[in-house]
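Residues per chain, in single letters:
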Amino acid sequence: MSFAAASTAKYGIEATMPKAVGGTSDPVHAHVQIRAAREVRINKIKEELLMVQNLTDKVTGDIEQEVLFWLLEGMPFRWIGAKLNMSHTSVQRVREHIFSYDDEVNKNNPVLI
């Protein structure tokens, strides 16, 4: 028995059928790739959250403490601003000021690589 090499049909009913485009589909591999990308995102979020949680003892102002608390609760800037009777851009400035504490800490205690 001799088998002909697989090729794209040029004539007949096979020529009218859809042709394969792209690579093979492996649903298990695709699922593993999606989960791996999700794990990377989750780990990044955990690191950022830990960094912000470590700032709680460095924040001294009442407004800064309140903004940090509501940010950790996941509230949006506009909601925090309405709660504290300030604009959402003021909340963003307070947040940037809170993050500047982390920059000061990192300058004083550089991480050795």
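Conventions we followed
- Residues numbered from 1 in each chain as written.
- Predicted model: local features only at pLDDT ≥ 70, side-chain atom pairs only at ≥ 80, totals over all residues.
- Heavy atoms only, no water.
- Buried < 20%, exposed > 50% of the residue type's maximum accessible area, 1.4 Å probe, protein only.
- Helix = DSSP H or I, 4+ residues; strand = E, 2+ residues; numbered from the N terminus.
- Arc of directions from axis to C-beta.
- 1 Å grid on protein atoms, 1.4 Å probe; cavity = no way out; pocket = protein on both sides within 12 Å on 5 of 7 lines; lining within 4 Å.
- Points joined across faces, edges and corners; volume = space filled by probe spheres on them.
- Nonpolar A, V, L, I, M, F, W, Y, C, P; charged D, E, K, R; others polar.
- Lys, Arg positive; Asp, Glu negative; His and termini not counted.
- Salt bridge = Lys/Arg side-chain N within 4 Å of Asp/Glu carboxyl O.
- Contact = heavy atoms within 4.5 Å.
- Core = buried A, V, L, I, M, F, W, Y, C linked by side-chain atoms within 4.5 Å.
- Axes fitted to C-alpha atoms, helices over the stretch in contact; angles between N-to-C directions.
- Parallel < 35°, antiparallel > 145°, perpendicular 65-115°, else oblique.
- Left-handed = near helix turned anticlockwise from the far one by under 90°.

**Q** With reference to specific residues and values, describe helix 3 (residues 62-72).
**A** For helix 3, the full list of buried residues reads Glu-64, Val-67, Leu-68 and Trp-70. Axial view of helix 3: buried residues confined to an arc of 165°, hence all on one face. Gly-74, located one to two residues past helix 3, shows a positive phi value of around 90°.

**Q** Could you give me a rundown of the layout of surface pockets, with the residues and numbers involved?
**A** To locate leftover empty space, one rolls a probe as large as a water molecule over the atoms. The space that makes up the largest pocket amounts to roughly 240 Å³. For the lining of the largest pocket, the secondary structure elements donating two or more residues are helix 2 (27-53), helix 3 and helix 5 (88-108). Sort the elements by how many residues they give to the lining of the largest pocket and helix 2 lands first, with 5 residues. Its residues assigned to classes, the lining of the largest pocket comprises 8 nonpolar, no polar and 2 charged.

**Q** Describe the side chain of Glu-64, listing the residues and the values that go with them.
**A** Here Glu-64 is to be found in helix 3. The charged side chain of Glu-64 is buried without a salt bridge, its nearest counter-charge being Arg-93 at 11 Å. Once residues within four sequence positions are removed from consideration, Glu-64 is found in contact with Val-59, Val-94, His-97, Ile-98 and Tyr-101.

**Q** For the nonpolar core, give the residues involved together with the corresponding values.
**A** Within soluble globular proteins, side chains that are nonpolar generally end up buried alongside one another. In terms of nonpolar packing, the biggest core is built from 11 residues, these being Val-52, Leu-55, Val-59, Val-67, Leu-68, Trp-70, Ile-80, Val-91, Val-94, Ile-98 and Tyr-101. If you list the elements that add at least two residues to this core, you get helix 3 and helix 5. For Val-91, the residues in contact, after removing those within four places along its chain, are Val-67, Phe-77, Ile-80, Gly-81 and Met-86.

**Q** Any details on the packing of helix 3 against helix 4 (residues 77-84)? Residues and values, ideally.
**A** Describing two packed helices takes the angle between their axes plus the distance from one axis to the other. Two elements in contact, helix 3 and helix 4, have axes whose closest approach is 10 Å; the angle formed by their N-to-C orientations is 140°. Judged by the inter-axis angle, helix 3 sits oblique to helix 4. In the crossing of helix 3 with helix 4, the sense of the turn from one axis to the other is right-handed. Here Glu-66, Val-67, Trp-70 and Leu-71 of helix 3 lie close against helix 4, whose contacting residues are Phe-77, Trp-79, Ile-80, Lys-83 and Leu-84. When the residues that make up the contact of helix 3 with helix 4 are grouped by side-chain class, the tally is 7 nonpolar, no polar and 2 charged.

By themselves these figures say nothing about function.
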